[in-house]
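# Descriptive analysis of the structure
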Amino acid sequence: MVGGEETRGLEGPTVRWMWIDRVVSLERGRRLVAIKNVSLAEEHLHDHFAPDAARALPALPVMPASLILEGLAQSGGLLVGHAEDFRYKVVLAKIGKASIDRDAAPGCTLRYTATIERMDDQGAAVACTVEIMDHARAPSGPGAAAAFEPAGSADLMFSHLDNNRGAGGTVGEDFPAHNFVFGEAFKTLLAASAGTTR
Amino acid sequence: MTQDEIFSKVRAVIVDALAVDEEEVTPTASLVGDLGAESIDFLDIQFKLEQAFGFKVPQGDLFPENVAQDPKYVREGKVTAEGIAALKARLPHVDFAKFEANPAINKVADLFTVDAVVKYVARRLADK
């Protein structure tokens, strides 16, 4: 029996763009690994990049690097939120360094790994890497499978919004009581990943 | 570790955290006013110092929270003498001389200079 709209929807009180397809491993407070399959059914790939007749350039559908960063941030945010049972509103506060070094074409699988380097009541520092698997580039031979290859990294800082009273005399703002960061979509994602968490 | 060695490690942390040039990180530079730090950068600097020097920085130890939010310590936009005394006790690494001349609340951020961070690290290393 499936629940009503309010319990089954992918859009809870907040609408989330989901840029992770599956959490494949989660160690509480330490590390989260997620995958994202790039699909030609994603409409933005038809604009990124569309063919350019004037310059005789064919279409080049690749996932925008900004969305790969979003996927890394969602992986990191989920890891940090889960560490404290989603009591805190966890928001991406800073991208220290980021480098996305390879194009992700339709049919590729991205693997995001987020590792907490340091966390306290105020927030967390998370190191992220992205790897790419191009299924068309499997080595030849029976049973041969494609492998994940490094494709970039990012150093992210997350803030526990309610606890961030700032420094240097600034004061945090008041935020709504409900946790608007982690809506139904994230819960659905984690539920679908049951068995992979510990 | 000598003072120079501490300074150069602190400078590397600040260059990394705030994406500023090495030459900008002078002892008197303030993190917010001169180097453009925002509130999340303080946490970043705190974590990076821990990594660089191998000690834990308790929350509020290096950069205090609610510096001047306590109504007891603020009057008409200025930190009271009592408030300054409380801050001094909590922040022995901070130089209050200039601030005391005009303890306006919006000048509190200027207290956090590169030198204050260096002094904090030196004290923590000496305590080890």
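To be clear, the structure that these remarks concern was listed above.
Residues numbered from 1 in each chain as written. Chains lettered and ligands numbered in written order. Predicted model: local features only at pLDDT ≥ 70, side-chain atom pairs only at ≥ 80, totals over all residues. Heavy atoms only, no water.

Turning our eyes to something else, we now look at the packing of helix α2 (residues 65–83) of chain A against helix α3 (residues 184–192) of chain A. Residues and elements named next belong to chain A. Relative to each other, α2 and α3 sit at 85°, their axes nearing to 12 Å. Comparing their axes, α3 and α2 come out roughly perpendicular. For the pair α2 and α3, contact is made by Gln74, Leu78 and His82 and by Phe186, Leu189 and Leu190, respectively. Residue classes in the contact of α2 with α3 are distributed as 4 nonpolar, 2 polar and no charged. (Axes fitted to C-alpha atoms, helices over the stretch in contact; angles between N-to-C directions. Helix = DSSP H or I, 4+ residues; strand = E, 2+ residues; numbered from the N terminus. Parallel < 35°, antiparallel > 145°, perpendicular 65-115°, else oblique. Contact = heavy atoms within 4.5 Å. Nonpolar A, V, L, I, M, F, W, Y, C, P; charged D, E, K, R; others polar.)

Further remarks concern the packing of aromatic side chains. All names here are of chain B. Summed over all chains, the structure comprises 7 aromatic pairs over all chains. For the ring pair Phe96 and Phe99, a centre distance of 6.4 Å and an interplane angle of 70° mean the geometry is edge-to-face. Judged by relative accessible area, Phe96 falls into the buried class, the value being 3%. Classification of Phe99 as buried rests on a relative accessible area of 5%. Feature note: the residues Phe42, Phe63 and Phe112 constitute an aromatic cluster, connected by ring pairs. Positioned above the aromatic ring of Phe53 is the side chain of Lys9, whose terminal nitrogen or guanidinium carbon lies 5.0 Å from the ring centre. (Phe/Tyr/Trp six-rings, centres within 6.5 Å; stacked < 30°, edge-to-face > 60°. Buried < 20%, exposed > 50% of the residue type's maximum accessible area, 1.4 Å probe, protein only. Lys NZ or Arg CZ within 6 Å of the ring centre and 35° of its normal.)

To continue, consider the layout of surface pockets. Here the largest pocket defines a volume of roughly 400 Å³. Lining the largest pocket are 16 residues, and of these B:Asp95, B:Lys98, B:Asp110, B:Leu111 and B:Thr113 lie nearest its centre. Secondary-structure elements contributing two or more residues to the lining of the largest pocket are α4 (97–101) and α5 (114–127) of chain B. Split by residue class, the lining of the largest pocket holds 4 nonpolar, 5 polar and 7 charged. Counted as a void, the second largest pocket has a volume near 300 Å³. Lining the second largest pocket are 16 residues; nearest its centre among them are A:Glu117, A:Ala125, B:Asp44, B:Lys48 and B:Gln51. Those elements that place two or more of their residues in the lining of the second largest pocket are β4 (109–119), β5 (123–133) and β6 (149–160) of chain A together with α1 (3–18) and α2 (39–53) of chain B. It is α2(B) that provides the largest number of residues to the lining of the second largest pocket, a total of 6 residues. (1 Å grid on protein atoms, 1.4 Å probe; cavity = no way out; pocket = protein on both sides within 12 Å on 5 of 7 lines; lining within 4 Å. Points joined across faces, edges and corners; volume = space filled by probe spheres on them.)

All names here are of chain A. The omega angle of the peptide bond from His48 to Phe49 is 10°, so this bond is cis rather than trans. Along the chain, the position of Phe49 falls in the loop between β2 (31–37) and α2. At Ala56, a position not held by glycine, the phi torsion is positive, near 55°. One can find Ala56 in the loop between β2 and α2.

Moving on: empty space enclosed by the protein. The final tally for this structure, using the stated rule, is 2 cavities of 30 Å³ or more. Approximately 50 Å³ is the volume attributed to the second largest cavity. Around the second largest cavity, the lining residues are A:Lys94, A:Gly96, A:Lys97, A:Asp155, B:Asp16, B:Ala17, B:Asp44 and B:Lys48. Elements with a contribution of two residues or more to the lining of the second largest cavity: β3 (90–100) of chain A together with α1 and α2 of chain B.

An ideal rise of 1.5 Å per residue puts 21 Å on 15 residues; α2(B) measures up with 22 Å between its terminal C-alpha atoms. Burial analysis of α2(B) places 12 of its 15 residues in the buried class, which makes it a mostly covered element. Inspection of α2(B) places B:Ile40, B:Asp41, B:Phe42, B:Leu43, B:Asp44, B:Ile45, B:Gln46, B:Phe47, B:Lys48, B:Leu49, B:Glu50 and B:Phe53 among the buried residues, and these make up the whole buried set. Turning to α2(B), the residues buried within the fold contact β3, β4, β5 and β6 of chain A together with α1 and α5 of chain B. In the stretch just after α2(B), B:Gly54 is the one whose phi turns positive, near 75°. (Expected span 1.5 Å × (residues − 1).)

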